[in-house]
Amino acid sequence: LLRVCCPSSFFYLRPLHLFSSTAKVPFCPSLPRQFRLSPSRSSSFRRMESSPASSSSPTPVTDSSADSLAKDLQNQSLGAVDEGVKIKKKLEDFNWDHSFVKELPGDPRTDVISREVLHACYSKVSPSVEVDDPQLVAWSVSVAELLDLDPKEFERPDFPLMLSGAKPLPGAMSYAQCYGGHQFGMWAGQLGDGRAITLGEVLNSKGERWELQLKGAGRTPYSRFADGLAVLRSSIREFLCSETMHCLGIPTTRALCLLTTGQNVTRDMFYDGNPKEEPGAIVCRVSQSFLRFGSYQIHASRGKEDLDIVRKLADYAIKHHFPHIESMDRSDSLSFKTGDEDDSVVDLTSNKYAAWIVEIAERTATLVARWQGVGFTHGVLNTDNMSILGQTIDYGPFGFLDAFDPSYTPNTTDLPGRRYCFANQPDIGLWNIAQFSKTLAVAQLINQKEANYAMERYGDKFMDEYQAIMSKKLGLTKYNKEVISKLLNNMSVDKVDYTNFFRLLANVKANPNTPENELLKPLKAVLLDIGKERKEAWIKWMRSYIQEVGGSEVSDEERKARMDSVNPKYILRNYLCQSAIDAAEQGDFSEVNNLIRLMKRPYEEQPGMEKYARLPPAWAYRPGVCMLSCSS
């Protein structure tokens, strides 16, 4: 196998200020975490923005691809469509395409016996979940609009039967995808859709392709020893978080609806030998594609005979999801220097697969930077949970930061080494890109230089996006490493609430003459129980911050408006999820729907909803709330 590793240098991807001296976490990936930041950028490439040349002057904060993408996502959230009459279809009128099944090799068998599936990208299976009076308990009108689905369809008596898979959806051609992956840094072999069944692809009136997938719909050949079902608590979490992330402006899979099956499912939540019955549920997930890094890895791992499948899958993805790459022309002159040697040049127009991996690397970097901005920790960043579209996918034991702790992991399985903790996410993103690059190199789709360049671009893109995001969170007009580093160090030492702090920081006035005893008043609600020494540290930081923001021509009011637009008032804290789950398991879904309404406008004050921004109560730190297992 061709070994792809990061080019040698001493630039470490993780921003140094994500760790304080009191919160260090050992992390030893099998690939080096350093790479060179020296490509020459003489041109641009679609979604690939050029990074400013390195200099000693601070980096100005400008709009980035992440911002434009966020605006597109927010427009989507509001159901923005072309002017005119909206198309409203019934379920029977979906315009199915099924390109994945038609264009890629499939499993000749149709049974669901657990087995190794060779030379195939999918296995045709039908939902097999047993239901007893299934109920629709939550739905998304904005996702329905993406599908041109009439919202009145949610009122159909047979809607729960169709979207649980108990009643065939006309035109669907269901299958489970085959993929592998690295789990916690170790190759795990074949994994696949063990409890997710894709119904097919719907083409909407704009020509957009959307896959519909039922999670918890029954066994597949990839279920191994599991039952292929899902429980209500994990399904609520997935529905709520996918829609919350979307409304935060972060790329994500979506959720059309959440259904209860009327049947119980047995689960051992903590893997401690104490299983119990829980209500069963199904989430209908929606995405342009559910292809993952592992979708390619599994075939590259099986030797020469399956390497052509890697190429076919790459061609498929480029054709349907990256068509601009297919239409590149050599006249675009997209050449980049990747090192000091004269021949270290990558020409993206001469190899579409190189252009493709570079764009995936940049999308992934942008995604991770935006996670860091809102304090989101995925919890299970295995390569089979990495979307080629740069979307957040597979919501398991995720968590948003409450108190700022760089070593925070919401996954009990991750506790021994905290590989997937908050601070490690940028490094893990690079590690996963390295594994994906190696897969394409093994299939001889890219060479060593192209793989290295993709990793360089990941690093460049992440730092550009992260610095811009953090500057905007503080209301800075230019990036100031010292101010941001000192702040995050203080927050880590005093375990300051990540979300509430930045929201309150917007209330600070840029008045250099503010008396010392009034400097910290705007932050009183989050600077709790700090002693004299720590208070002095915060006052010192506040002086430097006021000096920095006071040097710009932006008024206090304008700065507050800008900061409030990027610092959410509300996030989906784990204890809020658990409160909704506890009620739902008793048949009361009012709190689930309250959270759906709340998270549609996370950046707005929403008078009367202030209780949802409160710090977690003491019970929120019990097992199963602040931390969950992979089965969650």
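The structure presented is a predicted model; accordingly, all values stated were derived computationally and were not measured.

1. A short note on the packing of aromatic side chains
Under the defined criterion, the tally for this structure stands at 29 aromatic pairs. Taken together, a centroid distance of 5.5 Å and an interplanar angle of 20° make the contact between F404 and Y498 stacked. Pair noted here: F404 is in the loop between β14 (399–400) and α10 (425–442) and Y498 is in helix α13 (residues 498–505), with a separation of 94 residues, a long-range link. The pair F404 / Y498 is uniform in exposure class, with both members buried.

2. Describing the pattern of salt bridges
A side chain with one charge can pair with a side chain of the opposite charge if their charged atoms come near. Taken as a whole and judged by the stated rule, the model has 37 salt bridges. The partner of E359 in a salt bridge is R363, with the nearest N and O atoms 3.0 Å apart. Of this pair, E359 and R363 both sit in helix α9 (residues 352–374), four residues apart, roughly one helical turn. According to the relative accessible area criterion, E359 is buried, its value standing at 1%. Residues D402 and R573 are paired through a salt bridge, measuring 2.7 Å at the closest nitrogen-oxygen approach. Taken as a pair, D402 in the loop between β14 and α10 and R573 in the loop between α15 (556–564) and α16 (574–584) lie far apart in primary sequence, 171 residues in all. On the basis of relative accessible area, D402 is assigned to the buried category, the value being 17%.

3. Describing the confidence of the model for the protein chain
With 83% of its residues at a pLDDT of at least 70, the protein chain reaches an overall mean of 87. Every residue in residues 16–57 scores below 50 in pLDDT, and together they form 126 contacts with partners more than four places removed in sequence or on other chains.

4. Comments concerning the nonpolar core
Grouped together as the largest cluster of nonpolar side chains are 133 residues, with contacts concentrated most on W356, I388, F501 and Y545. The greatest single-element share of this core, amounting to 14 residues, is contributed by α9. Residue contributions to this core reach at least three from each of two domains, namely domain 1 (91–294) and domain 2 (476–553). Those residues within four positions of I388 in sequence are excluded, and the remaining contacts are L291, R292, F293, Y296, A317, F322, W356, I360 and F436.

5. What about the pairing of strand β7 (residues 209–215)?
Among the seven residues of β7, seven are classified as buried, and the element is accordingly described as predominantly covered. On β7, burial covers both faces: R209, E211, Q213 and K215 on one face and W210, L212 and L214 on the other are all buried. Pairing analysis gives seven bridges linking strand β6 (residues 196–203) to β7, with the strands arranged antiparallel. When the sheet's bridge partners are listed, L203 is paired in β7 with R209.

The rules behind these values
- Residues numbered from 1 in each chain as written.
- Predicted model: local features only at pLDDT ≥ 70, side-chain atom pairs only at ≥ 80, totals over all residues.
- Heavy atoms only, no water.
- Phe/Tyr/Trp six-rings, centres within 6.5 Å; stacked < 30°, edge-to-face > 60°.
- Helix = DSSP H or I, 4+ residues; strand = E, 2+ residues; numbered from the N terminus.
- Buried < 20%, exposed > 50% of the residue type's maximum accessible area, 1.4 Å probe, protein only.
- Salt bridge = Lys/Arg side-chain N within 4 Å of Asp/Glu carboxyl O.
- pLDDT = per-residue confidence, 0-100.
- Contact = heavy atoms within 4.5 Å.
- Core = buried A, V, L, I, M, F, W, Y, C linked by side-chain atoms within 4.5 Å.
- Domains from an automatic or database assignment.
- Pairing = 2+ DSSP bridges.

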